[in-house]
Amino acid sequence: MGRRGENIRKRSDGRWEARVICGSPVDGRTSYKYLYSRTYKGVRELKKKYLSGLDSPPDSASEVPVSIPVPASKRLETAEPPKYTDAVCRTIDMRENPILFRTVAAEWLATKKLSVKESSYAAYSFMVEKHLLPEFGDSAVKDMDTDRIGAFLLAKKKHGGLKDGTPLSDKTLSEIKGTLNRILRYAKSHNLIDAVPDSLSISTRQAPVVVLTKQEQKSLEEQALMEDTPYSLGVLLCLYTGIREGEVCGLQWADFNWADETVSISRTVSRISDVDTDADSKTHVVVGTPKTICSIRTVPLPTDIVPYIKERAGEDSIYVVTGNEKCMEPRVCRSRFKYFQKKAGVKYHKFHNLRHTYATNCIEMGIDIKTLSENLGHSDVNITLQRYVHPSMESKKAQVNKLSTFAASKKTVAVRHAVGNNTS
């Protein structure tokens, strides 16, 4: 919904956007500046201040504009991190002939830096820098069509590995597609292209999950009890709460409520790529909020394991799986789990399979889907049903056995044979 004559419109994400000309046109080229705010009144005030030459932030911190220029060079550069995340002004040459994909991608990344977690921004930057720019960077964004995008995705699927040209996983391919579509939708919303090409021509499917058998679960529990270490306690917690790898790494003793027998999930640990090209290392560890808003949750603990956990509790600031005030990063957690399984005599499983196992066990025991969905931190119960709940082979066999009448038929035939033999 727009306001006639004001160059103000409401975006699909709920924010209001105002467009103003940045100074006088040079060589017939006009550059525009975009201002964003959560309210129509707020963005109109930003525009008024800018046009009156009072381009200073208003009193409300939520309405502070941040200047983010689009890089002039062809190398992708990221914007300086702003203090506030509600308004952004951008400068783009609307008569650039042609407007390149890298220009739009850089501007899109700059706006994303204002609204997403650091880990999400790093993932987007990696996809753009490593996968999209080498193919589309110097192409006119208006010339990107379904055929070219489809050919690109097919090539990525077959030999898109960055190191050795191996096939990409469906998960990575899906992330590339998602990032590309977001950039193209951004271009469409700013009238840089007429329509978003259909880039979903390459089908992907979610990899099947693997659930631990009952015997494997028992072996892991026994190994955890024998070791009795902070890390082994973390393995038990994952089996009985379904929390994610990064969430258990970020768990502190302050998160436990012994009276209610619950644990609160409010942080996660992850290692992300360094988008700063001047950084000493390529990655760094971040302790942040969980995956989504719904992932910030309180999970009940089984009553019978609460005393065992409570006996090993430390100070509030201590991380559970390390036993000190320094968190464990996910890749160390994965590495230790591989060794932990070997000692328990269990074949290799991904750490995330503990979460799959928890969800499957809950379904088999009759726990309702809504409760399980909230415990797992999902925003929709369909995610729980489609992604994480998979019946184990033992369950499949038990259900199939209910269908079989073979034993009864065999008994009937045996009786008939006996009767026949007696009469003959």
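Just above, that's the structure.
As the structure is a computational prediction, the values presented were derived from the model and not from experiment. (Residues numbered from 1 in each chain as written. Predicted model: local features only at pLDDT ≥ 70, side-chain atom pairs only at ≥ 80, totals over all residues. Heavy atoms only, no water.)

Student: Provide a residue-level description of the overall build of the chain, including the pertinent values.
Tutor: Within the chain, the secondary structure is distributed over 15 helices and 11 strands. Summed over all atoms, the accessible surface of the chain reaches about 23700 Å², with 51% contributed by carbon and sulfur. (Helix = DSSP H or I, 4+ residues; strand = E, 2+ residues; numbered from the N terminus. Areas by Shrake-Rupley, 256 points an atom, 1.4 Å probe, with all protein chains shown as cover.)

Student: Talk me through the sheet that holds strand β11 (residues 297-300); I want residue IDs and the actual numbers.
Tutor: Strand order across the open sheet formed by 3 strands is β7-β8-β11, with antiparallel pairing between neighbours. What marks the edges here is a single partner per strand, and that holds for β7 (256-257) and β11. In terms of strand pairing, β7 meets strand β8 (residues 262-265) through 2 bridges, oriented antiparallel. Counterpart to Asn257 in the pairing with β8 is Thr262. (Pairing = 2+ DSSP bridges.)

Student: Now, about the pairing of β11: what can you tell me, with residues and values included?
Tutor: Side-chain direction in a regular strand flips from residue to residue, so the side chains alternate between the two faces of the sheet. Side chains Arg297 and Val299 project from β11 onto a buried face, and the interleaved Thr298 and Pro300 project onto a face without burial. Of the pairings in the sheet, the one linking β8 to β11 comprises 4 bridges and is antiparallel in character. Among the inter-strand pairings, Val263 is bridged to a residue of β11, identified as Val299. (Buried < 20%, exposed > 50% of the residue type's maximum accessible area, 1.4 Å probe, protein only.)

Student: Run through the side chain of Asn361, naming residues and quoting values.
Tutor: Along the chain, Asn361 falls in helix α11 (residues 353-364). What makes Asn361 buried here is its relative accessible area of 11%. Apart from residues no more than four positions distant in its own chain, Asn361 is found in contact with Lys214 and Gln217. (Contact = heavy atoms within 4.5 Å.)

Student: With reference to specific residues and values, describe the nonpolar core.
Tutor: Core analysis: the largest hydrophobic core is formed by 36 residues, its most contacted members being Leu220, Phe256 and Leu354. When residues of this core are traced back to their parent elements, those giving at least two are α6 (214-227), α7 (230-241), α8 (245-249), β8, α9 (306-311) and α10 (330-344). Looking at which element gives the most residues to this core, the answer is α7, with 7 residues. When neighbours within four sequence positions are excluded, Phe256 is seen to be in contact with Leu237, Leu251, Thr262, Val263, Leu301, Ile309 and Val320. Counting residues in each nonpolar core, the second largest holds 28 residues, with Tyr124, Phe152, Leu173 and Ile176 among its members. (Core = buried A, V, L, I, M, F, W, Y, C linked by side-chain atoms within 4.5 Å.)

Student: So what's going on with unusual backbone geometry? Residues and values would help.
Tutor: Of note, Asp228 is a non-glycine position whose phi angle comes to about 50°, a positive value. You can see Asp228 is positioned in the loop between α6 and α7. A residue is classified by how much of its surface remains accessible, and Asp228, at 40% relative accessible area, is partly exposed. If you check the backbone angles, Glu261 has positive phi at about 55° while not being a glycine. Its place among the elements puts Glu261 in the loop between β7 and β8.

Student: Mind laying out the packing of α7 against α11, listing which residues take part and the relevant values?
Tutor: The N-to-C vectors of α7 and α11 enclose an angle of 40°; their axes lie 7 Å apart at closest approach. For the pair α7 and α11, the contacting residues are Val235, Cys238, Leu239, Tyr240 and Thr241 in the first and Leu354, Thr357 and Tyr358 in the second. Split into classes, the residues belonging to the contact of α7 with α11 amount to 6 nonpolar, 2 polar and no charged. (Axes fitted to C-alpha atoms, helices over the stretch in contact; angles between N-to-C directions. Nonpolar A, V, L, I, M, F, W, Y, C, P; charged D, E, K, R; others polar.)

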